[in-house]
Amino acid sequence: MTEIIGIFDTTLRDGEQSPGFSMNVAEKLRVAEQLEKLNVDIIEAGFPISSEGDFVAVREIAKNIRKPQIAGLARTEIQDIDRAWEALQYAHNPLIHIVIATSDIHLKYKLMKSKEEVLDAAVKAVKHAKGYTTNVEFSAEDATRSDVEYLCRILEAVIDAGATTINIPDTVGYAIPEEFGSLIKHIRERVPNIDKACISIHCHNDLGLAVANTLAGIKNGARKVECAINGIGERAGNASLEEIVMALRTRKDFHKCDTNIRTEHIYNTSRLLAHITGVPVQPNKAIVGSNAFAHESGIHQDGVLKEKTTYEIMTPESIGVSQSTLVLGKHSGRHAFRERLRQIGYELSEGNLNLAFKRFKKLADKKKTVFDADIEAIIIDEILRIPDTYKLIYLNVISGSVTVPVATVQIEVGGEIVQEAGFGGGPVDATFKAISKITGTESKLARYSVNSITGGTDALGEVTVRLEENGVQVTGQGADTDIIMASAKAFVNALNRLEYRKKHPIVIQ
Ligand code: KIV
Ligand code: ZN
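Please read these numbers as outputs of a predicted model, since none were measured by experiment.

(A) Focus on the overall build of the chain. In terms of regular secondary structure, the chain is built from 18 helices and 18 strands. For 509 residues, the compact-globule formula gives about 23 Å, and the C-alpha radius of gyration of the chain, at 24 Å, lands near that figure. C-alpha extents for the chain along the principal axes are approximately 80 × 60 × 40 Å. By the burial criterion, 56% of the 509 residues in the chain qualify as buried. Pairs at least 24 residues apart make up 66% of the contacts formed inside the chain by residues separated by at least 6 positions.

(B) Layout of the state of the cysteines. With the rule as written, the count across this model stands at zero disulfides. We note that Cys203 lacks a disulfide partner, and the nearest cysteine sulfur, in Cys227, lies 10 Å from it. For the unlinked cysteine Cys257, the closest cysteine sulfur is that of Cys198, found at 12 Å.

(C) Fine view of the site of ligand 1. As a matter of local geometry, ligand 1 sits amid Arg13, Asp14, His97, Val99, Ser139, Glu141, Asn167, Pro169, Thr171, His202 and His204. Between ligand 1 and the protein, one listed contact pairs an oxygen atom with a side-chain N or O atom of Arg13 at 2.9 Å. The protein chains hide 92% of the 260 Å² of surface that ligand 1 would expose on its own. Residue composition of the shell around ligand 1, grouped by class: two nonpolar, six polar and three charged.

(D) Spatial organisation of the side chain of Asp170. Turning to its location among the elements, Asp170 is positioned in strand E7 (residues 165-170). It is Arg145 that comes nearest to the buried, bridge-free Asp170 among opposite-charge side chains, at 6.8 Å. Not counting residues within four places of it along the chain, the set of residues in contact with Asp170 comprises Thr144, Ala175, Phe180, His202, Cys203, His204 and Asn213.

(E) Representation of helix H12 (residues 266-277) in the model. Under the 1.5 Å per step criterion, the end-to-end length of H12 is 17 Å for twelve residues, consistent within 8% with the ideal 16 Å. Taken across its twelve residues, H12 has ten buried, putting it largely inside the fold. For H12, the complete set of buried residues consists of Ile266, Asn268, Thr269, Ser270, Leu272, Leu273, Ala274, His275, Ile276 and Thr277. Taken from the residues just after H12, Gly278 is the one with a positive phi, measuring 80°.

(F) View of the packing of aromatic side chains. Tallied over the full model, the rule gives six aromatic pairs. Ring geometry for Trp85 and Tyr132: centres 5.3 Å apart, planes at 10°, overall stacked. Here Tyr132 lies in the loop between helix H6 (115-130) and strand E6 (136-141) and Trp85 lies in helix H4 (residues 78-88), a separation of 47 residues in the sequence. Given a relative accessible area of 31%, Tyr132 falls into the partly exposed group. Here the aromatic residues Phe337, Phe357 and Phe360 are joined through ring pairs into a cluster of three or more. Positioned above the aromatic ring of Tyr90 is the side chain of Lys63, whose terminal nitrogen or guanidinium carbon lies 4.6 Å from the ring centre. A cation over an aromatic ring shows up here: Lys219 above the ring of Phe254, its NZ or CZ 4.4 Å from the ring centre.

(G) Summary view of the pairing of strand E8 (residues 198-203). In terms of burial, E8 is a largely internal element, five of the six residues being buried. Two elements, E7 and E8, share six bridges in a ladder whose sense is parallel. Note that in E8 the partner of Thr165 across the bridge is Cys198. A crossover links E7 with its parallel partner E8, the connecting element being helix H8 (residues 177-190), and its sense is right-handed.

(H) Just the coordination of the zinc ion (ligand 2), in detail. Within the first shell, the zinc ion (ligand 2) binds the protein through Asp14 (OD), His202 (NE2) and His204 (NE2), at distances of 2.0 to 2.1 Å. Binding-site remark: the zinc ion (ligand 2) is held by donors from one chain whose sequence spacing is D-x187-H-x1-H. When sorted by exposure, His202 lands in the same class as His204, which is buried.

(I) Local environment of the packing of helix H17 (residues 427-439) against helix H18 (residues 483-503). Two numbers describe how H17 lies on H18: the axes approach to 10 Å, and their chain directions differ by 35°. You can see that H17 and H18 cross each other, and the crossing is right-handed. In this structure, H17 uses Pro427, Val428, Thr431, Phe432, Ile435, Ser436 and Thr439 to contact H18, whose residues at the interface are Ile484, Ser487, Ala488, Phe491, Val492 and Leu495. Split into classes, the residues belonging to the contact of H17 with H18 amount to nine nonpolar, four polar and no charged.

(J) The arrangement of the sheet that holds strand E17 (residues 461-469) in detail. The three strands are arranged E16-E17-E18 in an open sheet whose pairing can be described as antiparallel. Two strands bound the open sheet, and with one partner strand each, they are strand E16 (444-452) and strand E18 (472-480). Across this sheet, the average inter-strand angle for adjacent strands is 15°, counted without regard to direction. As defined by bridge partners, E17 adjoins E18 across nine bridges and the pair is classed as antiparallel. Across the sheet, residue Val465 finds its bridge partner in E18, namely Gly476. In the packing of H18 onto the sheet, the strands contacted are E16, E17 and E18, and the crossing angle to E18 comes to about 150°.

Conventions we followed
- Position labels on residues start from 1 in each chain and follow its written sequence.
- Starting at A for chains and at 1 for ligands, labels are handed out in the order in which the entities are written.
- Owing to the predicted nature of the model, reporting of local features is limited to residues with pLDDT of at least 70; listing and counting of side-chain atom pairs is limited to 80 or more, with chain, interface and lining totals taken over all residues.
- Working from all heavy atoms in the structure, the side-chain values ignore hydrogens and water.
- Starting at the N terminus, helices and strands are each numbered in turn, a helix being any DSSP run of H or I of at least four residues and a strand any DSSP run of E of at least two.
- Here the globule rule is a power law, 2.2 Å times the number of residues to the power 0.38, and the radius of gyration is based on C-alpha atoms.
- Exposure is judged per residue with a 1.4 Å probe applied to protein chains only, and the accessible area is read against the type maximum: over 50% gives exposed, under 20% gives buried, and values in between give partly exposed.
- Here, two residues are considered to be in contact whenever any of their heavy atoms come within 4.5 Å of each other.
- Note on terminology: disulfide denotes any pair of cysteine sulfur atoms within 2.5 Å.
- Only a single heavy atom is needed: when it lies within 4 Å of a molecule or strand, its residue is near that molecule or strand.
- In the analysis that follows, any N or O atom pair within 3.5 Å is treated as a polar contact, provided that within protein one partner can donate a hydrogen and the other can accept it, and provided that, for residues neighboring in sequence, both atoms belong to side chains.
- Surface accessibility follows the Shrake-Rupley procedure with a 1.4 Å probe radius. Residue values consider only the protein chains on display as shielding.
- In the scheme used here, Gly and all other residues not listed as nonpolar or charged are polar, with Ala, Val, Leu, Ile, Met, Phe, Trp, Tyr, Cys and Pro taken as nonpolar and Asp, Glu, Lys and Arg as charged.
- Counted as positive: Lys and Arg. Counted as negative: Asp and Glu, with His and the chain ends omitted from the count.
- Here a salt bridge means any side-chain nitrogen of Lys or Arg lying within 4 Å of a carboxyl oxygen belonging to Asp or Glu.
- Multiplying 1.5 Å by the residue count of a helix minus one yields the expected span of that helix.
- The criterion for an aromatic pair is that two Phe, Tyr or Trp rings (for Trp, the six-membered ring) have centres within 6.5 Å, with stacked assigned to planes under 30 degrees apart, edge-to-face to planes over 60 apart and tilted to the rest.
- Two conditions define a charge located above a ring, namely a distance within 6 Å from the ring centre to NZ of Lys or CZ of Arg, and an angle within 35 degrees of the ring normal.
- Note on pairing: two strands pair once DSSP finds at least 2 bridges between them.
- With its strands directed away from the observer, a crossover is right-handed exactly when the path from the first strand over the helix to the second travels clockwise.
- For Na, K and Ca the donor cut-off is 3.2 Å; for every other metal, N, O and S atoms count as donors within 2.8 Å. Water does not enter the count, which can leave sites looking incomplete.
- Simply put, an axis is a line fit to the C-alpha atoms, just over the touching stretch for a helix, and the angle between two N-to-C directions goes from 0 to 180 degrees.
- For a crossing to be left-handed, the near helix must be turned anticlockwise from the far one by less than a right angle; the clockwise case is right-handed.

Following this line, the structure appears as C-alpha cells:
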C-alpha cells in the first residue's frame, strides 16, 4: 500500500529569511497561490512577530489561500503565539508552529535555560496555542544534536499538552541518513504517546544530505516533511521539495510512499521563485536545473533517440517542462497568446493579459520568433514582480567610442515623475548613476551579470544585480532586448526590494 506523505512547504519562512531571498507581501502572495496550485498540504507563510512585513504576509495568505493549511512560526514566548494567531485567525485551516531549541549547546549558550525550564516553556506554549486552534506543531530545534532521552521526554510532554505534530529538525544539517533514520525510529519506539501525533522532519543541507536524511526519516516513520522550492533556506538551504517529491514518485516501488503534489506544476513553481527573488537555479540542479533533462554526449543522445528510458528516469513533462520550442511570431493574435500562456502554466486576469500582450507585440516586432522562455520573461518582468516604491518610466542613453556615456532616466516615486541624468564609464554605469541620483541610494553593487534568455543577437537579455546596504543583501532582475534597459530594470527592482526591507526590518526581540 502506498502511504501519502504530507508536504509542509517552508519556502516563504525558512527560505525567505535567508540572505538575498526576501520578497514583499504581494510577491509572497503570488508564490503562495502557486504553492496552492502545486497542491502542497501546508504553507508556512512566515514568522509573524519577526517583522511587520512578515505579519502582513501571513495574514494576507491566511485570508486568500483556501486549500492548504497555513502555518505561522512562533517561539515559546506568549506574545509570539498571540501575534501568530492574530495573523493566522483568518485561515481556513490554521497551524501554529512553535519552536524551542533542545540541544545542550543551544540551552547553554543561546537560551541560557535549564532542561526543565525549556520543557516547561514548551508545554506552556503548546497549551496557550491550543486555546486558539487544535492544530499545533512543536519543533525541537537542533534535535539531531540533542540528548535523545531529553528529546523524547519533551516530545512526550508537548504531545500530552496537545501538540498534534512533533517536528524533528536537523537544524544545522549535521545528521547522516542512517543516523537520522534511527533517531526517528527511536522516537517512534520510545515516546509512549507518539500515536497521538504526526512525526514531521525538517532537514538542512549543510553537508548536502538534506534530501537523503528526509528520505531516511520517511523510511523510519516520518509522515510529514518540511521542505522548500529550489531547496532555499538558511545557509545551504532546506531539503528541496521537488527532489523529495520526485524521489518518492519515481521510486515508489522502493519507498511505498507518495505525495499529493501535482508534479506538472513543479517547473513553473521553481521558475516563479527564481524570477521573483532574482536568484537563479544552478544548471545542474536535480529536477529543475536547465540541464536536468539535457543529453549532451553522443552515446546518450543516441540512446534517448532510440528509447527515452535508456537515460531518462522521469519525463520532463512530468514536472511540467514543455517540449515545444517554437511558439509565436508577430502575426500571432491575443487568443493564441492566451492559449500559449495557459499551456505553459499562466492564467492571467484580463488586465494582466492586456499588459503582457502589449509587451509581447513589442518583442515580436524586434524578434522573429518568440519562445516560451521569452514569454515567461515577459510575464515575470511585467506581471509577477511588483514595484512598491520606484517605477522606471523612461531611459535614454547616448554612448559610443567618441562620447562620454550619458543616461537620462525618469522614475515615478510616490506618484511623481522625477528625472535625472548621469555620466559614467559606460552606458550601464551612466544609467545606474542617474538612477542613484533619483533614489539617493547608498547601496553598493555587489554583483552584476547578463544572460541571454534564448539564442541569437535579438534575444532578450536578462540582467541580475545584487545590492548591499548595511549588511542587507537584495537581488534584482530585469529582461529586455536592450541590455541597458534590462540593467536599469534590474537595478530598480533591487532598489524596490531594499526599500521594502528598510520599511519592514526583521526584528526578533
Ligand atoms: O531549522 C530549524 O530548526 C527550523 C525550525 C523553526 C523548524 O527552521
Ligand atoms: Zn530550518
